[in-house]
Amino acid sequence: MVKNFIPYGKQWIDEQDVKEAAKILRTDWITQGPVIEKFEHAIANYCGASYGVAVASGTAALHAAYAVAGIGQGDEVITSPLTFAATANGVVYCGGKPVFADIQEDTLTIDPREIEKKITKRTKAIAPVDFAGHPCEYNKILQIAKKHKLLVIEDAAHALGSEYRGKKIGSFADLTILSFHPVKTITTGEGGMILTNHKDLYEKLKVFRHHGIVKKPEQGGWYYEIEHPGYNYRITDFQCALGLSQFRKLPRFIKRRKEIVARYDAAFQDEEALIIPKEKSYVEAVYHIYVVQLRLEKLQAGRREIFEALQKRGIGCQVHYVPVHFQPFYQKTFGYQRGDFPVAERYYEGALTLPLFPKMTDAQVEKVIRTVRSIIRFNRK
Ligand SMILES: *Cc1c(COP(=O)(O)O)cnc(C)c1O
């Protein structure tokens, strides 16, 4: 490991966070205690959703959302090929088929026109991904969903705090999922949440999180029934105490992320071999990652050489993501091939994620800028 290595993302946990979590560890309720609901209310309230259900991870949140949406054998869910595999894997857990629709070149989010082309009799839901924190085109997506009677399950793992046309994410999709993995906006270690405005889905989510157990007190205080087996997707009380403490700092985290993004934008906008992120005028994007695209036609080196040169100099760049339809499982099972989604694939060829996290110091930001510039300039054609 290079000294002073700057990772692409990282949590910021302070003494207050540690204290809040430790306080719960000293109580009788380290799991299934009262802090879970407090955390759920705080996040749902902030996002403008009626209900929140906290679970063990963002992946569990996706699985639960697809399950309560009724995704079953052979059902199709339309999603983006440019996402973390969990968005599509969750559909597979339910026996469904992820159907990819290509992205828009500017925002890197799913293209509503491509969604329409993929709708069949088996389509049950659309699962848009707010890539890097930039909300998708929800006016159009919600319209398509309404017309075809589909549910919208929004993967907002990158986007806690983002807004679309004045509305916070979490307030308008049928189900919205969040992740609290350490690289995400706030963390509970592992953790996730599903937001919804539908009471019936909310009730089902709570049952799904807890083995499918429905209590039947009229038949005795101990008695319960399972109609559909659920999972143990519970989160612990001390994780939620950490989450609540982190949540109080969310505005500060967002402000700092935006400052760093503004600095990167200013530094890289004239760099001809780089394409910087674009933000629509009607969104507020909370950047989870800062993604640039290398214009390979202007460079002598390939993406891999540049990636490795950055890593060697202590810049923990990443690539988000290998398109899901490149994965052997998706190719073997559903017949996807390279070439199926040209916009996502063109993006992927040059994609590079630069370090971005609220605890980054100005000196670290400047080091990233200096290093990226010098490597790019050294490799210019
Ligand atoms: C992080 C992430 C997930 C999964 O969240 P985990 O909490 O790591 O399970 C799902 N979708 C996207 C887009 C993500 O970035």
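**Some words on the nonpolar core**
Inside soluble globular proteins, nonpolar side chains tend to come together where they are buried.
Step number 1: Counting 99 residues, the largest nonpolar core has Ile43, Tyr264 and Phe268 as its most contacted members.
Step number 2: Top contributing element to this core by residue count: helix α9 (residues 250-268), with eight residues.
Step number 3: Both domain 1 (15-248) and domain 2 (250-378) contribute no fewer than three residues apiece to this core.
Step number 4: Residues in contact with Phe268, not counting those within four places in the same chain, are Leu274, Ile276, Tyr290, Leu354, Ile369 and Val372.
Step number 5: Ranked by size, the runner-up nonpolar core spans 27 residues in total, among them Ala61, Val68, Val91 and Tyr202.

**Some remarks on the domain arrangement of the protein chain**
Step number 1: Here the protein chain is described as being made up of domain 1 (15-248) and domain 2 (250-378).
Step number 2: Computed over C-alpha atoms, the centres of domain 1 and domain 2 are 26 Å apart.
Step number 3: Tallying the contact residues gives 43 residues for domain 1 and 34 residues for domain 2.
Step number 4: Carbon and sulfur atoms make up 65% of the surface buried where domain 1 meets domain 2, a total of about 3,300 Å² over both sides.

**Comments concerning the pairing of strand β4 (residues 123-127)**
Step number 1: Counting buried residues in β4 gives four out of five residues, a clear majority hidden from the surface.
Step number 2: In this sheet, strand β5 (residues 151-155) lies alongside β4 in parallel orientation, the contact comprising two bridges. Looking across to β5, one finds that Ile126 is bridged to Val152.
Step number 3: Taking the sense of rotation as the criterion, the β-α-β connection linking β4, helix α6 (residues 138-148) and β5 turns out right-handed.

**Description of the sheet that holds strand β6 (residues 163-164)**
Step number 1: Strand order across the open sheet formed by three strands is β7-β6-β13, with antiparallel pairing between neighbours. Because the sheet does not close on itself, it has two edges, and the strands there are β7 (167-168) and β13 (283-284).
Step number 2: As defined by bridge partners, β6 adjoins β7 across two bridges and the pair is classed as antiparallel. Looking at the pairing, Glu163 lines up with Lys168 of β7.

**A look at helix α12 (residues 342-350)**
Step number 1: What α12 keeps buried is the set Ala344, Glu345, Tyr347, Tyr348 and Gly350.
Step number 2: Packing partners of the buried residues in α12 comprise β14 (290-294), α10 (303-312) and β15 (351-354).

**Quick look at empty space enclosed by the protein**
Any empty space left between the atoms is revealed when a probe the size of a water molecule rolls over them.
Step number 1: According to the stated counting rule, one finds three cavities of 30 Å³ or more in the structure shown.
Step number 2: The computed volume of the largest cavity comes to approximately 140 Å³.
Step number 3: Asp106, Thr107, Leu108, Pro277 and Lys278 are the residues nearest the centre of the largest cavity, which is lined by 15 residues in total.
Step number 4: Its residues assigned to classes, the lining of the largest cavity comprises nine nonpolar, three polar and three charged.
Step number 5: The two domains that each donate at least three residues to the lining of the largest cavity are domain 1 (15-248) and domain 2 (250-378).
Step number 6: In this model, the second largest cavity occupies a volume close to 50 Å³.
Step number 7: Together, Lys10, Gln11, Trp12, Pro182, Lys184, Thr185, Ile186, Thr187, Gln246, Phe253, Arg257 and Pro358 line the second largest cavity.
Step number 8: Each residue belonging to the lining of the second largest cavity can be placed in one class, and the counts come to five nonpolar, four polar and three charged.
Step number 9: Counting contributing residues per domain, the lining of the second largest cavity is built from domain 1 (15-248) and domain 2 (250-378), each supplying no fewer than three.

**As for the environment of Ile119**
Step number 1: Note that Ile119 resides in the loop between α5 (112-118) and β4.
Step number 2: Each C-alpha atom of the pair Ile119 and Gly74 lies 14 Å from the other, and the pair is 45 residues apart in sequence.
Step number 3: In this view, Ile119 contacts Ile78, Ile144, His148 and Leu150; residues no more than four positions away in its chain are not counted.

**Section: the site of the ligand**
Step number 1: In the region of the ligand, 14 residues are neighbours, and Gly58, Thr59, His158, Ser179 and Lys184 sit closest.
Step number 2: In this structure, an oxygen atom belonging to the ligand sits 2.7 Å away from a side-chain N or O atom of His158.
Step number 3: Expressed as a share of its isolated accessible area of 380 Å², the protein-covered part of the ligand is 92%.
Step number 4: A per-element tally of the shell around the ligand places helix α3 (residues 58-68) first, with three residues.
Step number 5: Broken down by class, the residue content of the shell around the ligand amounts to four nonpolar, eight polar and two charged.

**Concerning α3**
Step number 1: With nine of 11 residues buried, α3 lies mostly within the body of the structure.
Step number 2: Within the span of α3, buried status applies to Gly58, Ala60, Ala61, Leu62, His63, Ala64, Ala65, Tyr66 and Val68.
Step number 3: Between the side-chain oxygen of the N-cap and the backbone nitrogen of Thr59 there are 3.3 Å, and the N-cap of α3 in question is Ser57.
Step number 4: Residue Gly70 follows α3 closely and has a positive phi angle near 85 degrees.

What counts as what
- Residues numbered from 1 in each chain as written.
- Predicted model: local features only at pLDDT ≥ 70, side-chain atom pairs only at ≥ 80, totals over all residues.
- Heavy atoms only, no water.
- Core = buried A, V, L, I, M, F, W, Y, C linked by side-chain atoms within 4.5 Å.
- Buried < 20%, exposed > 50% of the residue type's maximum accessible area, 1.4 Å probe, protein only.
- Helix = DSSP H or I, 4+ residues; strand = E, 2+ residues; numbered from the N terminus.
- Domains from an automatic or database assignment.
- Contact = heavy atoms within 4.5 Å.
- Buried area = accessible area lost by both parts, 1.4 Å probe.
- Pairing = 2+ DSSP bridges.
- Right-handed = clockwise from strand over helix to strand, strands pointing away.
- 1 Å grid on protein atoms, 1.4 Å probe; cavity = no way out; pocket = protein on both sides within 12 Å on 5 of 7 lines; lining within 4 Å.
- Points joined across faces, edges and corners; volume = space filled by probe spheres on them.
- Nonpolar A, V, L, I, M, F, W, Y, C, P; charged D, E, K, R; others polar.
- Near = heavy atom within 4 Å.
- Polar contact = N/O pair within 3.5 Å; in protein donor to acceptor, adjacent residues only side chain to side chain.
- Areas by Shrake-Rupley, 256 points an atom, 1.4 Å probe, with all protein chains shown as cover.

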